[in-house]
Amino acid sequence: MVNSLEGKLAIVTGGAGGMGRSHALRLAKLGANVAILDIDLNVAARYGETLSAATVRDEILELGRDCIAIEADLSDRAAAFDAVEKIEQHFGRIDILVNNAGGAITPIENSSASSSSEEDRRKLFSVNFETAVNMCQACAPALRKQGGAIVNTSTVGVSADDAGARFAMYSASKAAIEKYTRSLAVELGPDGVRVNCVAPGLVATPRVASQAAARKLATGGQEAKIPLRRLGQASDITGVVEFLVSDLAGYVTGECIRVAGGLELVSAA
């Protein structure tokens, strides 16, 4: 698989830190040039993440790959399309889109099905669903030119709630992503574009770790309730993304792969 993506261009949203950084570095190591899009290009420093260079862009340049980084709010359709236009102008092509940006960003104590406010609900669907849709639509014309792959990000929460169903609206926004992924796969399949989804479970990224105690989420004690008896690491998710964008998944489209250590098979904490 060394250099299996040689000469291709991969876009990673939310790529300036955490899981997005893991995706960006892995794709670069496989030979791809990378465009990083993030609402905050300094997010790694904000969560105390240790980088091997000043920025994720610099890390990728040190790997010998070309990389540009654009700060943009991708839930804004115009901003998303403008960013993609800049990427096409710089690289001349788009082969891979990894929609990693998003998250459960509203207060957990007010995010259940019965208590979520209209403002929080709109915010969750904006950052998770609208961001991914904007990027898919912006990239579709370029991807159709030579074929390619899109990987959207869902959550194991679509399949399993915790005891209080505290992430109801976040999970609903991700459920919408899964349905959108299947529909887009049908539409773009004739043009050689594969569209799939990855659904992480409890993953110990720097941002999650900084919020773990307050949210009682992805803490060490929950390992015992996961069949594989450990929390996920960013590399666990990245490995599946690598598969989905590679030729190994050349006949896979419209699927959602749960990467949660089996968490969806048991009652969540």
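If you're wondering where the values come from, they're calculated on a predicted model, not measured in any experiment. Residue numbering note: each chain is counted from 1, following its sequence as written. Residues qualify for local features only when their pLDDT is at least 70, as the model is predicted, and side-chain atom pairs are given and counted only at 80 or more; totals for whole chains, interfaces and linings, by contrast, use all residues. Water and hydrogen atoms play no part in the side-chain values, which are based on all heavy atoms of the structure.

Q: How do you make sense of the packing of aromatic side chains when you look at a structure like this?
A: Two measures describe an aromatic ring pair: the distance that separates the ring centres and the angle between the ring planes. Think of it this way: a Phe, Tyr or Trp ring, Trp meaning its six-membered ring, pairs with another when their centres are within 6.5 Å, and the plane angle makes it stacked under 30 degrees, edge-to-face over 60, tilted otherwise. With the rule as written, the count across this model stands at one aromatic pair. Considering the side-chain rings of Phe129 and Tyr180, the 6.1 Å spacing of their centres and the 85 degrees angle between planes classify their relative orientation as edge-to-face. Taken together, the positions of Phe129 in helix H5 (residues 118-146) and Tyr180 in helix H6 (residues 168-188) put the pair 51 residues apart, joining distant regions of the chain. Numbered from the N terminus, helices here are DSSP runs of H or I no shorter than four residues, and strands are runs of E no shorter than two.

Q: What should I look at first to understand helix H1 (residues 18-29) in this one?
A: Since there are 3.6 residues in each turn of an α-helix, residues three or four apart along the chain are aligned in direction. Helix span is expected to be 1.5 Å times the residue number reduced by one. With twelve residues, H1 ought to run about 16 Å at 1.5 Å a step, and its terminal C-alpha atoms sit 17 Å apart, in line with that. Across the twelve residues that make up H1, a large majority, ten, are buried. Residues of H1 that are buried include every one of Gly18, Met19, Gly20, Arg21, Ser22, His23, Ala24, Leu25, Leu27 and Ala28, and no others. Phi turns positive, to about 115 degrees, at Gly31, one or two residues after H1. Burial classes follow relative accessibility: with a 1.4 Å probe on protein chains only, a residue under 20% of its type's maximum area counts as buried, one over 50% as exposed, and anything between as partly exposed.

Q: Whenever I open this one, the nonpolar core confuses me. Can you help?
A: Soluble, globular proteins show a tendency: their nonpolar side chains are buried together. Working definition of a nonpolar core: buried Ala, Val, Leu, Ile, Met, Phe, Trp, Tyr and Cys residues. They are joined through side-chain atoms within 4.5 Å. Membership of the largest hydrophobic core comes to 34 residues, with the highest contact counts inside it found for Ile11, Leu37, Ile87, Ile94, Met135, Cys139 and Ile150. Among the elements of the structure, strand E1 (9-13), strand E2 (33-38), strand E3 (67-71), helix H4 (77-91), H5, H6 and strand E6 (193-200) are those that each provide at least two residues to this core. Among the elements that make up this core, the one with the highest residue count is H5 (ten residues). For Ile87, the residues in contact, after removing those within four places along its chain, are Leu9, Ile11, Ala35, Leu37, Ile68, Ile70, Gly92 and Ile94. Within the second largest apolar cluster, 30 residues are counted, among which are Leu5, Ala16, Cys67 and Ile237. Residue contacts follow a heavy-atom distance rule, with two residues in contact if any of their heavy atoms lie within 4.5 Å.

Q: Can you help me understand the pairing of E6 in this one?
A: In the case of a regular strand, side chains alternate between the two sheet surfaces. Buried residues dominate E6, accounting for eight of its eight residues. Both faces of E6 are covered, namely the face carrying Val193, Val195, Cys197 and Ala199 and the face carrying Arg194, Asn196, Val198 and Pro200. For two strands to be treated as a pair, DSSP must find no fewer than two bridges joining them. The pairing of strand E5 (residues 148-153) with E6 spans six bridges and is classified as parallel. Residue pairing across strands places Ile150 opposite Val195, the latter belonging to E6. Bridge count for E6 against strand E7 (residues 256-259) is four bridges, and the pairing is parallel. Its bridge partner being in E7, Val198 is matched across the sheet by Ile257.

Q: Whenever I open this one, the sheet that holds E1 confuses me. Can you help?
A: Spatial ordering of the open sheet is given by E3-E2-E1-E4-E5-E6-E7, a layout of seven strands whose pairing is parallel. Lying at the two open borders of the sheet, with one neighbouring strand each, are E3 and E7. Averaged over all pairs of adjacent strands, the angle between their axes in this sheet comes to 15 degrees, without regard to strand direction. Relative to E3, E2 is paired through five bridges, and the arrangement is parallel. Within the sheet, the bridge partner assigned to Ile36 lies in E3 and is Ala69. In the packing of H1 onto the sheet, the strands contacted are E1, E2, strand E4 (96-99) and E6, and the crossing angle to E1 comes to about 170 degrees. Lines fitted to C-alpha atoms define the axes, with helix axes restricted to the stretch in contact, and inter-axis angles between N-to-C directions lie between 0 and 180 degrees.

So yeah, pure geometry; function would need other evidence.
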